[in-house]
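So the chains spell out like this:
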Amino acid sequence: MQDWKRQPGFFAAIAAAPVTWLILFFIVPLAIVWAYSFGRNTGLTSIDISGTFANYSRALEPLYFEIFLKSVAVAALTTLICLIVGFPVAMAIAFAPPRWKPWLLLLVMLPFWTNLLIRTYALLSVLGTRGFVNQTLEWLWNHCGWLMSAVGLPEPGPFQPLPLLYNNFAVIFGLVYVHLPFMVLPLYAALDRLDKSLIEASLDLGAGHWTTITRIVAPLAAPGIISGLIITFVPALGSYLTPELMGGTDSQMIANVIERQFKRANDWPFGAALSFMLMYATFILIALQALRNKTIEARS
Amino acid sequence: MEQRTTTLAEFANRRSLLKGLGVAAVGLSFGGLAACSKESGNGTDAAPSAKIAPTGEESKLNFYNWDTYIGETTLDDFKGASGTDVNMSLFATNDELFAKLRAGNPGFDVIVPSNDFVERMVTADMIVPLDHALLPNIKNIDPSFIDVAYDPGRKYSMPYTWLVLGIGYRKSKVKPIPDSWKPLFDSDQYKGRIALLSEAGDLFRLYGKYLGKSVNDLTAADIKTIEAMMIKQKPFVKAFHEDNGQDLLVKGEVDLVLEYNGDIAQKMVEDDDIDFVIPKEGSQLNSDTLCIPKGAPHPKNAHAFINYLLDAAVGKKITETILYPTPNAAAKALMPDGYKNNPVVFPPAALLAKCEYAKYRPDMQPLYEEAFTRVRAA
C-alpha cells in the first residue's frame, strides 16, 4: 500500500479548496479583527491600527472582567447540568437495543433541524407569564384547590404565575436546552465504544451499579466526557441569543457586550479586543486539553 | 467594492461594465442579504436583464427598510407604475444599518435611517445629497418637517414617518394613567411589570427629561446621577426590550413599557385594553427618513422611488398599514378621521411642544453605552 503522503500532487489537489476557503473566509477576517483589537477609533468609520494595548487594558477593568467571569460561571453551570442530564441519556442510548439506537440518536439531533432563533422563541411561549407551563399550573391550581380543603388546609388564593422568563434561571434553562445535544453525542460515542464485558465483570465481581459507573464506566468514558465538556462549554461561553432574548435586566453575558460595541457603541477596536479575550480563553482551554492528552499518551 | 467607488456621473458607463463582468461580484455581495430579503413582484432573475426603467437604469432597486414599515402592496404598485423590481431587506436597529454600511455600501439604493443617524451618516460621508428636481412630491410634506435641525433644507433626507417615545400600558392593570416618567424610572409601584427600551442613549436622555433637563444638554455628571437612579430602579424592571415592548405588553408579560407611539397604535387595533401616554415631563421625538447611501447602484431609481413614496395616495396606503404619524400633509388629508384624530398617533400639541429631537453627540454616545453596561452588570 502506498503512503498518501508520498503523493504531494494528489494531496495538494484535494487540500487546495478547503485550505483556500479556510484562509479566505476564516483566517483573513479573523486577522483583520485581531488587528482592530490593537487600534483605536479616529472617526465614525475609520480605525487607526496603532498597536495600542489600551483596548485590552480596558477589557481587564473590573466592569468587563466581572461580566467575563459571570459568563464563565453561567457557561460552567450550563455544562455541569448538561453533563448530569446528558450522561444518563447517553447511557440509555448506548445500552438500548441496536434497532432503537438510530431512532434515539435522531431524537437527540432533531432540534438541530430547527434554527436556534425559532427554538428560543418557542421557549419564550412555553415559559412566559401566560405561557404553556403557567397555563397548565394555573389549570391544576384552579381544579385541585378542593384537595387542599379536603385535607383540612385553607383554600389556596388566586394563582400567581411563576417568573420563569426574563431572569437568570431562564438563561440557564435555555442554554441547557440548546447545548444538551453537544454533550450527549460525544458521551454516546465514548460509551458505545466501551467494552461491555468490563461492566459485566465488575458486576459479577460484586461491585454495585453506582460503583461500576464511577469506577469503571466514567474513567473509560473520560475522553468522551472531556470533549463533551469542552464542546458544550465553549459555545455556551459565547452565547448571545439566549441571554438577549430570555434574560432579565442583569443577565448580560460577554457576547452581548461585544455586540453592543460593534453596533450601538460603534467601538470596533474595543469589541475586537473583547472578542479576542474570549478566543484566548478558549485557546488556552483547548491547549490544556491537548497537553493533557499528550501526557497521557506519553505515559502509556 | 466596485460600486462603492462609482460616482453618480460615471455610473452610466460603469453599469455596462458591471453587466459584463460584475454578475458574479454582485451575486456575491447580495448573498448575505438574501437570507433576510423579500423579493417583490416576479423579478427573481439574478442576471441583469435587458429591462430598462424609465430612469434609464436597470429596472432594479434595493431597499433597506425596517420591518412592518411599508404598505402591503406599495412595492408591487411601484413595479406596476415604473416597471422597477424592488428588493426589500430588513434591519432592526439604526446601529445594524450603520454597521452594515460602515465598511462600504453592499448595494443598497434607499435606506431609512432615523434623524440622529442622518446626522451621523452625513458626518461620516455615507449618504449622498438628494436632487430635489427629481423629487417634486416634496410639496406634499408638512412645511414644519422641511427645515429641521438635523438636516436643514432636507439636503440629504426626506421624512418618511415621525414618532415619539412614551408609555404603553394595560388600562385594567395600571391606575391612575401613568402621565409621568416616575412609575417607570423612579418608583416600585409597578414592581416586575415594567419593560424599558434597551437603547442606552434613549434611556439616559429620557431620564434627563424626567429630571427636567433637555435631551441634548446632558453632561458626564448627569450620567453619573442617572446611572445611580437606574441601578436603584433596576430590581423593579422585568426586562430591557429590543423595541418589541408592544409584544411584551400584548402577551401580558408586563403592564408598562417604554415604546414608540406607532408600535403601540398598531397593537391597540388588536387589544383594546392597552393605551399610550406621553409623560407630562416631555419626551423624545424621532423621525425616520428616506436617504440614498453613497455608492448606490441605482441612484435615479432611488430618487423615483422616494418621490413615489412621498405621493399623497401612496403615502395614505402606507400609513393605513403602519399607522405611524406621517409628515406627509397631503397623505394625512386623505386619511379617515379615526386616524387624524387619534391622540396616540397625533398627541396633543401642548405635549409635543415639550418633546425634542435628540442631536447626534459623538462625545456622549460611548459614555451612555459604558454607563448602561455598568447598570446591567450591577
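Residues numbered from 1 in each chain as written. Chains lettered and ligands numbered in written order. Predicted model: local features only at pLDDT ≥ 70, side-chain atom pairs only at ≥ 80, totals over all residues.

Sorry if this is basic, but what is going on with the overall build of chain B here?
For chain B, the count of helices and strands is 16 helices and 11 strands. Taken across its 378 residues, chain B has 47% of its residues classed as buried. When contacts within chain B are restricted to residue pairs at least 6 apart in sequence, long-range pairs at least 24 apart make up 77% of them. (Helix = DSSP H or I, 4+ residues; strand = E, 2+ residues; numbered from the N terminus. Buried ≥ 20, exposed ≤ 12 C-beta atoms within 10 Å, placed from the backbone. Contact = placed C-beta atoms within 7 Å.)

How do you make sense of the overall build of chain A when you look at a structure like this?
For chain A, the count of helices and strands is 13 helices and 2 strands. For chain A, the C-alpha radius of gyration of 25 Å lies well beyond 19 Å, the compact-globule estimate for 300 residues. Projected onto the principal axes, the alpha-carbon positions of chain A cover approximately 75 × 60 × 35 Å. In chain A, which comprises 300 residues, the proportion classed as buried is 30%. By sequence separation, contacts in chain A at least 24 residues apart represent 70% of the contacts at least 6 residues apart. (Rg over C-alpha atoms; globule rule 2.2 N^0.38 Å.)

It is not clear to me how the pairing of strand β8 (residues 256–260) of chain B should be interpreted in this structure. Could you clarify?
Note on strand geometry: in a regular strand, side chains alternate between the two faces of the sheet. Residues and elements named next belong to chain B. The buried count for β8 comes to 5 of 5 residues, which makes it a mostly enclosed element. Neither face of β8 is left uncovered, since the one carrying L256, L258 and Y260 and the one carrying V257 and E259 both have all their residues buried. In terms of strand pairing, strand β5 (residues 158–170) meets β8 through 5 bridges, oriented antiparallel. Counted as the bridge partner of G166 is E259 from β8. (Pairing = 2+ DSSP bridges.)

Would you mind going over the interface of chain A and chain B with me for this structure?
A common way to express how large an interface is: the accessible area buried when the components associate. Residue-level contacts link 21 residues of chain A with 25 residues of chain B. Put simply, the parts of the chain that give the side of chain A that touches chain B at least two residues each are α3 (62–94) and α12 (254–262) of chain A. Looking at the side of chain A that touches chain B residue by residue, the classes come out as 7 nonpolar, 7 polar and 7 charged. (Nonpolar A, V, L, I, M, F, W, Y, C, P; charged D, E, K, R; others polar.)

When you look at the pairing of strand β6 (residues 194–197) of chain B in this model, what are you seeing that I'm missing?
All names here are of chain B. Alignment of β6 against strand β7 (residues 237–241), held across 4 bridges, turns out to be parallel. The residue of β7 that forms the bridge with L196 is F240. Taken together, the 2 bridges between β6 and β8 define a ladder with parallel strand orientation. When the bridges of β8 are listed, A195 appears paired with V257.

Looking at this structure, how should I read the domain arrangement of chain B?
All names here are of chain B. Its domain assignment divides chain B into domain 1 (3–161 + 286–337) and domain 2 (164–285 + 346–377). Listed by partner, the interface residues are 13 residues for domain 1 and 10 residues for domain 2. Secondary-structure elements contributing two or more residues to the side of domain 1 that touches domain 2 are α5 (115–123) and β10 (284–290). Counting residues per element, the side of domain 1 that touches domain 2 draws most heavily on α5, at 4 residues. Counted by class, the side of domain 1 that touches domain 2 contains 6 nonpolar, 4 polar and 3 charged residues. (Domains from an automatic or database assignment.)

How should I be thinking about the nonpolar core in this particular structure?
Side chains that are nonpolar tend, in soluble globular proteins, to be buried together. Counting 144 residues, the largest nonpolar core has L187 and L274 of chain A together with V110 and F305 of chain B as its most contacted members. Here this core takes 16 residues from helix α7 (residues 168–193) of chain A, the largest share from any one element. Viewed by domain, this core spans two of them, domain 1 (3–161 + 286–337) and domain 2 (164–285 + 346–377) of chain B, each represented by three or more residues. Once residues within four sequence positions are removed from consideration, V110 of chain B is found in contact with L61, F63, L290, I292, A302, F305 and I306 of chain B. (Core = buried A, V, L, I, M, F, W, Y, C linked by C-beta atoms within 7 Å.)

Would you mind going over the packing of helix α7 (residues 200–210) of chain B against helix α16 (residues 365–377) of chain B with me for this structure?
How two helices pack is summed up by the angle between their axes together with the distance between the axes. Residues and elements named next belong to chain B. Two elements in contact, α7 and α16, have axes separated by 8 Å at closest approach and are oriented at 90 degrees. Here α7 lies roughly perpendicular to α16, going by the angle between them. On α16, the residues that touch A200, G201, L203 and F204 of α7 are Q365, Y368, E369 and F372. Counted by class, the contact of α7 with α16 contains 5 nonpolar, 2 polar and 1 charged residues. (Axes fitted to C-alpha atoms, helices over the stretch in contact; angles between N-to-C directions. Parallel < 35°, antiparallel > 145°, perpendicular 65-115°, else oblique.)

Please explain helix α13 (residues 268–299) of chain A as it appears in this structure.
Within an α-helix, residues lying three or four positions from one another point in the same direction, as the helix has 3.6 residues per turn. For α13 of chain A, built from 32 residues, the straight-helix expectation of 46 Å at 1.5 Å per residue is met to within 8% by its first-to-last C-alpha distance of 46 Å. Where α13 of chain A is concerned, the buried positions are W268, P269, F270, G271, A272, A273, L274, S275, F276 and M277 of chain A. (Expected span 1.5 Å × (residues − 1).)

Looking at this structure, how should I read the environment of S57 of chain A?
Residues and elements named next belong to chain A. Along the chain, S57 turns up in helix α2 (residues 54–59). With 10 C-beta atoms packed within 10 Å, S57 lands in the exposed category. Remark: the alpha-carbon pair of S57 and N168, spanning 111 residues in sequence, is separated by 28 Å.

Looking at this structure, I do not really get unusual backbone geometry. What am I missing?
Of all residues except glycine, most have a negative phi; of all peptide bonds, most are trans. Residues and elements named next belong to chain B. The omega angle of the peptide bond from K175 to P176 is -10 degrees, so this bond is cis rather than trans. Phi at T68 takes a positive value of approximately 45 degrees, unusual for a residue other than glycine. Here T68 lies in the loop between β2 (60–66) and α3 (74–82). The backbone of D243 sits at a positive phi, close to 60 degrees, despite the residue not being glycine.

What exactly am I supposed to notice about the confidence of the model for chain A here?
It should be kept in mind that the predicted coordinates are not to be read in detail where pLDDT is low. Chain-level pLDDT for chain A is 90 on average; 98% of the residues reach the 70-or-more range. Ranking the elements of chain A by mean pLDDT puts helix α6 (residues 132–150) of chain A last with 83 and α3 of chain A first with 95. (pLDDT = per-residue confidence, 0-100.)

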